[in-house]
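# Reading the structure
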Amino acid sequence: MIVTLTANPSIDHTVMLTSPLRRGEVLRARSTTSQPGGKGVNISGAAYAAGVPTRAVFPCPDLDPMITELRATGLDVVAVGPAGQPRINTTVTEPDGTTTKLNGPGATATPALLDALAARLVQEAEHAGWVVLAGSLPPGAPAGWYAEVVSALRSTGARIAVDTSEAPLEALAARLPAGAPDLLKPNAEELASITGTDAATLDDPAAAASAARTLVDRGVAAVLATLGANGAVLVSAEGTWHATPPPTAVVSTVGAGDSSLFGYLLADLRGLSAPERLGLAVAYGSAAAGLPGTTLPTPPQVRADLVSVRDLDPITGGL
Ligand SMILES: Nc1ncnc2c1ncn2[C@@H]1O[C@H](COP(=O)(O)OP(=O)(O)OP(=O)(O)O)[C@@H](O)[C@H]1O
Ligand SMILES: O=P(O)(O)OC[C@@]1(O)O[C@H](CO)[C@@H](O)[C@@H]1O
């Protein structure tokens, strides 16, 4: 079972343009869509599509349309309240696949709501293989809240994955090795921000791997650093690998990182090796990049056979 926490859920509005985005002009959209989103919700959606038991926990008012819509798909959803309504996040996609996001702040979380979320998560973690803490924190949540939740979850047997950014990620990194997760999934920019590296150098998988290694040295069990079109690297005590994506016609990269993280967890739950976990992560991420809006892939859309994985520690060959 994969339990996800989306501390700051969203309704994702996607505007698909027929021409490149030009600031200050009136542009015609080919289509506009609206989908429930937020990183944990997306991960649970991919898990549900793959037949993996999952439960999505997030703050939301009872009977909010987001809950009704997700439950109608069959997803197991736990709404914790009293909470404000999910924010609206807007995505603009251009014909060449360029994706621009405008994310709302989200409803303010009270200390009582944060305590209720953490308590519910600990309860759910008792029967989970993985708990995923994903996305930004809502206004009102202290930046160090994820680090506190990781510590609270340590009393359960569940392994913990974290995918966040900016202040919450920096707060988590600042407390290492306390609050260290079993898996951290930064993208290149996030990896740069917590390792004091220049993001521009992280297009090079070897440079990304050596930045990620500093986090493993500080207590994170494994780092899955996604590098957009450059694939991803996996760094752990077992070794270091880079995976190159399959040829991908990019439509919308929203949810690509979430899909990658799910691919990794799926491979882990299947007992696959570290390079196979990385390969499935990249296959899942690229499959999502080829789909519109926040749409997550189903297993037949995922081409793990077209991903190549190479060992970046060829001398030791890992363990
Ligand atoms: N242009 C692309 N071509 C092929 N695959 C891509 C491309 N962009 C992203 N991907 C796939 O998606 C994965 C995740 O991408 P990225 O590193 O951009 O994640 P992210 O920034 O966390 O995404 P998001 O937060 O938008 O969900 C990559 O590892 C890769 O497999
Ligand atoms: O503002 P956050 O919480 O960092 O990210 C939220 C978000 O951009 O992440 C998902 C894609 O990964 C989207 O469904 C959602 O809109």
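Owing to the predicted nature of the structure, the values given are computational and were not obtained by experimental measurement.

## Here we look at the sheet that holds strand β2 (residues 10–17)
On the basis of which strands lie adjacent, the open sheet formed by 4 strands has the order β3-β2-β6-β7 and mixed pairing. The open sheet has two free edges, formed respectively by β3 (29–37) and β7 (99–102), since each of these has just one partner strand. On average, each strand axis in the sheet is tilted by 20° relative to the strand beside it, whichever way the strands run. Sheet topology note: the β2/β3 ladder contains 8 bridges and is antiparallel. Its bridge partner being in β3, Val15 is matched across the sheet by Thr32. Across the sheet, helix α2 (residues 65–73) touches β2 and β3, and the angle it forms with β3 is around 90°.

## Brief notes about the pairing of strand β6 (residues 87–93)
Taking burial as the measure, the 7 residues of β6 include 5 buried ones, the bulk of the element. Direction of pairing for β2 relative to β6: parallel, over a ladder of 7 bridges. Paired with Ser10 across the bridge in β6 is Arg87. Summarising the sheet, β6 and β7 pair through 4 bridges and their orientation is antiparallel. Across the sheet, residue Thr90 finds its bridge partner in β7, namely Leu102. What sits between β6 and β7 in their antiparallel hairpin is a turn of 5 residues, with Gly97 showing a positive phi close to 90°.

## A few points about the site of ligand 2
Around ligand 2 sit 16 residues in total, of which Asp12, Asn89, Lys101, Ser136 and Asp258 are the nearest. In the model, an oxygen atom of ligand 2 is placed 2.7 Å from a nitrogen or oxygen of the Lys101 side chain. Interatomic distance of 3.0 Å between a side-chain N/O atom of Asn103 and an oxygen atom of ligand 2. Within the complex, 91% of the 400 Å² of free accessible area of ligand 2 lies under protein. Within the residue set of the shell around ligand 2, elements represented by two or more residues are β2, α1 (39–49) and β6. A per-class count over the shell around ligand 2 returns 1 nonpolar, 10 polar and 5 charged.

## Concerning the UniProt feature "domain: Carbohydrate kinase PfkB" (unreviewed entry) in the protein
The sites that UniProt annotates as "domain: Carbohydrate kinase PfkB" (unreviewed entry) are residues 7–299. Helix makes up 35% of residues 7–299 and strand 23%. Its end C-alpha atoms lie 27 Å apart.

## Focus: the site of ligand 1
Taken together, the neighbourhood of ligand 1 is formed by 20 residues, with Asn187, Thr226, Gly228, Gly231 and Gly257 sitting nearest. One nitrogen or oxygen atom from the side chain of Thr226 is found 2.9 Å from an oxygen atom belonging to ligand 1. Separating an oxygen atom of ligand 1 from a backbone N or O atom of Ala256 is a distance of 3.3 Å. Looking at the shell around ligand 1 element by element, the count peaks at 4 residues for helix α8 (residues 256–269). Across the shell around ligand 1, the residue classes tally to 6 nonpolar, 11 polar and 3 charged.

## A short note on the packing of helix α5 (residues 166–174) against helix α6 (residues 188–195)
Across the interface, α5 lies against α6 with an axial gap of 10 Å and an inter-helix angle of 45°. Considering their axes alone, α5 and α6 lie oblique with respect to each other. Read as a crossing pair, α5 and α6 show a hand that is right-handed. Residues Leu169, Glu170 and Ala173 of α5 lie in contact with α6, whose contacting residues are Glu190, Ser193 and Ile194. Here the contact of α5 with α6 is built from residues that sort into 3 nonpolar, 1 polar and 2 charged.

## Quick look at α6
Turning to α6, its buried residues number three or more, namely Ala188, Glu190, Leu191, Ala192 and Ile194. In the core, the buried residues of α6 are packed alongside β9 (159–163), α5, β10 (183–184), α7 (205–217) and β11 (222–226). Where α6 begins, one side-chain oxygen reaches toward the backbone nitrogen of Glu189, 3.2 Å away; that side chain belongs to Asn187.

The rules behind these values
- Residues numbered from 1 in each chain as written.
- Chains lettered and ligands numbered in written order.
- Predicted model: local features only at pLDDT ≥ 70, side-chain atom pairs only at ≥ 80, totals over all residues.
- Heavy atoms only, no water.
- Pairing = 2+ DSSP bridges.
- Helix = DSSP H or I, 4+ residues; strand = E, 2+ residues; numbered from the N terminus.
- Axes fitted to C-alpha atoms, helices over the stretch in contact; angles between N-to-C directions.
- Contact = heavy atoms within 4.5 Å.
- Buried < 20%, exposed > 50% of the residue type's maximum accessible area, 1.4 Å probe, protein only.
- Near = heavy atom within 4 Å.
- Polar contact = N/O pair within 3.5 Å; in protein donor to acceptor, adjacent residues only side chain to side chain.
- Areas by Shrake-Rupley, 256 points an atom, 1.4 Å probe, with all protein chains shown as cover.
- Nonpolar A, V, L, I, M, F, W, Y, C, P; charged D, E, K, R; others polar.
- UniProt positions renumbered as here; feature names shortened; annotations may be inferred.
- Parallel < 35°, antiparallel > 145°, perpendicular 65-115°, else oblique.
- Left-handed = near helix turned anticlockwise from the far one by under 90°.

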